[in-house]
Each structure stands twice: as structure tokens, then as C-alpha cells.
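Chain by chain, the residues run as shown.
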Amino acid sequence: MASHGARGRSGGRPTLEEVAARAGVGRGTVSRVINGSPRVSDATRAAVEAAVAELGYVPNTAARALAANRTDAIALVVPEPETRFFAEPYFSDMLKGVGAELSETEMQLLLIFAGSDRERRRLAQYLAAHRVDGVLLVSVHADDPLPDLLAQLEIPAVISGPRSAAETLTSVDSDNYGGARQAVEHLLSRGRREIAHITGRLDVYGAQRRVDGYRDALRDAGRTVDERLIEPGDFTEEGGRRAMAALLERRPDLDAVFAGSDVMAAGARQVLREAGLRIPDDVALVGYDDSAIARHMEPPLTSVRQPIEEMGRRMIDLLLEEIADRRPAVSRGLERRQVVLATELEERASS
């Protein structure tokens, strides 16, 4: 009796034609089954899958990608210094969500940093050569030229948060405005009256929306917005320290702080303690992200949870849709898609 191993009749690697012959179907049918097409009956699919298993057939993904003018690769582009990427939990959580969703496909993920002018020039050349099928952009600033470059090159792209209310690319974000309102309303409910805000970088639209939420929550509660209680930060721990020191110098009577990230809240906490102020007795503290930093801080930090991993998964889903259609939504004249996911306040001892 003949033995059916992992080699075809020629003694080499089994071919698509041999799988088709074994299953009793045409070559095109085998191709549709391998590529997951729904236009195949259950019985035919089962016959092809059995033939694939018996022969040990492995699809030549490289040849298939070449024939389809595809690379089977996606770039996750971070226009920030590498030090910030590895220091902030936001990025690792985003990468976790992206990786989990992409693991269900045959696509490869490339992580590319573009924090310097030299890195950006090199990235522009790389993208112009169409070496990836699509791009995920994380941490995009208002003046960042990369989204416009991707649109010009007609490379499918999804960004983690729009650059403005008039964003033309597909984006996925959390409800920054609503999250900030939750934080301030929580502090007001605790009887706090002089609530300060340490903002993120204000060339980031999400940070702007958090400031809007902070202001509107105070106004809706009948409070006057004191500009001296708003200090710009940069999402870093050192930025949180500097902002907190400036706020205490201007308004030493403040009794609450809403920081635009947990990392900045950690910096603010250090300055408050150095000033002899107790948390939450003298000053209540609320962060944003609900990262591991919030849970391990002493006292544990109240924080606005944004579903960062889910954001990463949704970004991949939307990008794969655009890649399947071969062109970005903006070039097809479709209405831009801006997905906004809900936030939730996690109350802990700091407030």
C-alpha cells in the first residue's frame, strides 16, 4: 500500500495541483478554500482540508502575496522616541491588543519608530516603496505629516485618535472628553473645590478633548474655570513633576489634581509628598489610563480606564477591511470612520 507523506508525486513539496487531484476538485477551488472564501460548500471544503492534511501541503504565502501585489505585512508606526514607548504602559497595552488580533491572520507586524527627522525621512522612503500593506499610527500629533503622506500614497491606514475634529483618516480612540468629565465630576462629588488639571501635550487632540471635558464639568457644576489651575504636561513622569510644582507655586490652596495620564500622576504625587501634602487628605489625585502604575501606587490611584487593548484590536479590524478593499477609505470617497470607545472611572484610595 502506498504511503502518503509530506511529499508529492515528484518527491518534492506537495503542489496545489496534487491537492486538487486528491480532493477531486479544480485548482481554483483549492485556492478558494485555502484563502478562506465563503463561496465553497461544506462538503468541498472538508474534502480539500482532508487532502491538505494527507499530503502535508503548506501554502506558499510568499508567492501568493507576490501574485496579489501584497506584502502580508503591517507597520505599527510610533512617531515618538523609543524611550517613551518603553516607559509608558499605554504603548505596551496597545501593542498587546494589536498582536492578539493579528495573531489570527497570516500578516506580520513591523514595529517602526519615527521620533526623529532622520527616522521620518527613512520611513517615508520605506512607505513610498509600498513594502507594507497597511499602517497603524499610534500617538499622532496635530502637525504630523505622516497621515497625509499615507493618504497621498494610498496606503490603508488607521490612527489611534484623530488629529482634529476634521480628521480624514479612519481612527479609533477612547472618549477623552467623557473620561475627563467623569474624573472631575467624581472630585466634585467628594467635595473638592479647587481642582487642578495637568494636561497632556496639547498638540494631541485627545489631550485637548480632556481639557474640554475638565472645563465643561466645572462650568456645568456652576464653578468658574481658573486658568491658573491648568498646567500643560507632556505625558511623562518628569512632565508631571514640573507641572505639579508650577501649580503649587501659583495655587498652593488647590485640593485636587486631575492628571492627563497615570505616568504624570506619579510625578505629581512625588511633588505633593515632598511638599508635605497628604493624598487624599490634603489633595485628591486622579489619573488617566488605569494602568498598572495606578494599581501599584501608594495610595492606589483613582484613574479613568480607557480600553487600550480593545482599541488596538479595533484598529487591526478596520485596517484589514481597508487592505481587503485595496484602497484607504478616503480614496474610495467613503465617509470617514471614527470609532470612539467608552471610558470608565476606577475609584481607589487616592481620591
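What you see is a predicted model, and the numbers here were worked out from it, not measured in a lab.

Here's the deal with the confidence of the model for the protein chain
Moving on, step 1. Looking at the protein chain as a whole, the pLDDT averages 88, with 89% of positions reaching at least 70.
Moving on, step 2. Confidence drops under pLDDT 50 across residues 1–7; counting only partners more than four residues distant or on other chains, this segment forms 12 contacts.

Regarding the pattern of salt bridges
Moving on, step 1. In this structure the tally under the stated criterion is 30 salt bridges.
Moving on, step 2. The partner of Glu-347 in a salt bridge is Arg-190, with the nearest N and O atoms 3.0 Å apart. Of this pair, Glu-347 sits in the segment after strand S12 (344–346) while Arg-190 sits in the loop between helix H9 (176–189) and strand S6 (195–199); the two residues are 157 residues apart in sequence, bridging distant segments of the chain.
Moving on, step 3. In this structure, the salt-bridge partner of Arg-251 is Glu-194, at a minimum N-O distance of 2.7 Å. One end of the pair, Arg-251, is in the loop between helix H11 (237–250) and strand S8 (256–259); the other, Glu-194, is in the loop between H9 and S6, and 57 residues separate them in sequence.

Some details on the nonpolar core
Moving on, step 1. In this structure, Val-184, Ile-195, Ile-198, Met-244, Leu-254, Val-257 and Phe-258 are the most contacted members of the largest nonpolar core, which totals 43 residues.
Moving on, step 2. Elements with a contribution of two residues or more to this core: H9, S6, helix H10 (205–220), H11, S8, helix H12 (262–274) and strand S9 (284–289).
Moving on, step 3. The dominant element in this core, judged by the number of residues it contributes, is H12, at six residues.
Moving on, step 4. Setting aside its immediate chain neighbours within four residues, Met-244 contacts Ile-198, Leu-254, Val-257, Ala-268, Val-271 and Leu-272.
Moving on, step 5. In this structure, Val-78, Val-98, Met-311 and Leu-318 belong to the second largest nonpolar core, which totals 24 residues.

Notes on the packing of aromatic side chains
We describe a pair of aromatic rings using the distance from one ring centre to the other and the angle between the two ring planes.
Moving on, step 1. Enumeration over the complete set of coordinates arrives at six aromatic pairs.
Moving on, step 2. Between Phe-85 and Phe-86, the ring centres sit 5.1 Å apart and the planes meet at 85°, which makes this aromatic pair edge-to-face.
Moving on, step 3. Seen from their ring centres, Tyr-90 and Phe-91 are 5.5 Å apart, and the 90° between their planes marks the pair as edge-to-face. Here the two residues Tyr-90 and Phe-91 agree in accessibility, since each one is buried.
Moving on, step 4. The aromatic ring of Tyr-288 is capped on one face by Arg-210, whose charged end is 3.7 Å from the ring centroid.

Section: the sheet that holds S8
Moving on, step 1. With respect to topology, six strands assemble into an open sheet ordered S7-S6-S8-S9-S10-S12, the strand pairing being mixed. One side of each edge strand has no neighbouring strand; the edge strands of this open sheet are strand S7 (230–232) and S12. The mean inter-strand angle of the sheet, taken between neighbouring strand axes irrespective of direction, is 20°.
Moving on, step 2. As judged from the four bridges shared by S6 and S8, these two strands associate in the parallel manner. Bridging across to S8, Ala-196 finds its partner in Val-257.

Considering the side chain of Glu-167
Moving on, step 1. Assignment of secondary structure puts Glu-167 in the loop between strand S4 (157–159) and strand S5 (170–174).
Moving on, step 2. A distance of 2.7 Å separates a polar atom in the side chain of Glu-167 from a polar atom in the side chain of Arg-163.

Quick notes on H9
Moving on, step 1. Between its first and last C-alpha, H9 extends 20 Å over 14 residues, near the 20 Å set by a 1.5 Å rise per residue.
Moving on, step 2. Within H9, 10 of the 14 residues are buried, which leaves it mostly tucked inside the rest of the structure.
Moving on, step 3. Residues of H9 that are buried: Asn-176, Gly-178, Gly-179, Ala-180, Arg-181, Ala-183, Val-184, His-186, Leu-187 and Leu-188.
Moving on, step 4. Immediately downstream of H9, the backbone of Gly-191 shows phi near 85°, a positive value.

Considerations on unusual backbone geometry
Moving on, step 1. Cis rather than trans, the peptide bond between Ile-279 and Pro-280 has omega equal to 5°.
Moving on, step 2. Locating Pro-280 in the fold gives a position in the loop between H12 and S9.
Moving on, step 3. Looking along the chain, the bond that leaves Glu-298 and enters Pro-299 is cis, with omega of -5°.
Moving on, step 4. Relative to the assigned elements, Pro-299 resides in the loop between helix H13 (292–296) and strand S10 (302–305).
Moving on, step 5. Positive phi is not limited to glycine here, since Glu-154 has a value of about 55°.
Moving on, step 6. Position of Glu-154 among the secondary structure elements: in the loop between helix H8 (146–153) and S4.
Moving on, step 7. Positive phi outside glycine occurs at Asp-289, with the angle close to 125°.
Moving on, step 8. Relative to the assigned elements, Asp-289 resides in strand S9.
Moving on, step 9. Take Asp-289: its relative accessible area is 12%, and that puts it in the buried class.

Focus: the packing of helix H1 (residues 16–23) against helix H3 (residues 42–55)
Moving on, step 1. It is at 8 Å that the axes of H1 and H3 come closest, and there the two elements cross at 125°. The orientation of H1 with respect to H3, classified from their angle, is oblique. Crossing geometry of H1 relative to H3 is assigned as right-handed. Listed contacts from H3 to Glu-18, Val-19, Arg-22 and Ala-23 of H1 are Ala-47, Val-48, Ala-51, Val-52, Glu-54 and Leu-55.
Moving on, step 2. Looking at the contact of H1 with H3 residue by residue, the class counts come to seven nonpolar, no polar and three charged.

Cut-offs and rules
Residues numbered from 1 in each chain as written. Predicted model: local features only at pLDDT ≥ 70, side-chain atom pairs only at ≥ 80, totals over all residues. Heavy atoms only, no water. pLDDT = per-residue confidence, 0-100. Contact = heavy atoms within 4.5 Å. Salt bridge = Lys/Arg side-chain N within 4 Å of Asp/Glu carboxyl O. Helix = DSSP H or I, 4+ residues; strand = E, 2+ residues; numbered from the N terminus. Core = buried A, V, L, I, M, F, W, Y, C linked by side-chain atoms within 4.5 Å. Buried < 20%, exposed > 50% of the residue type's maximum accessible area, 1.4 Å probe, protein only. Phe/Tyr/Trp six-rings, centres within 6.5 Å; stacked < 30°, edge-to-face > 60°. Lys NZ or Arg CZ within 6 Å of the ring centre and 35° of its normal. Pairing = 2+ DSSP bridges. Axes fitted to C-alpha atoms, helices over the stretch in contact; angles between N-to-C directions. Polar contact = N/O pair within 3.5 Å; in protein donor to acceptor, adjacent residues only side chain to side chain. Expected span 1.5 Å × (residues − 1). Parallel < 35°, antiparallel > 145°, perpendicular 65-115°, else oblique. Left-handed = near helix turned anticlockwise from the far one by under 90°. Nonpolar A, V, L, I, M, F, W, Y, C, P; charged D, E, K, R; others polar.

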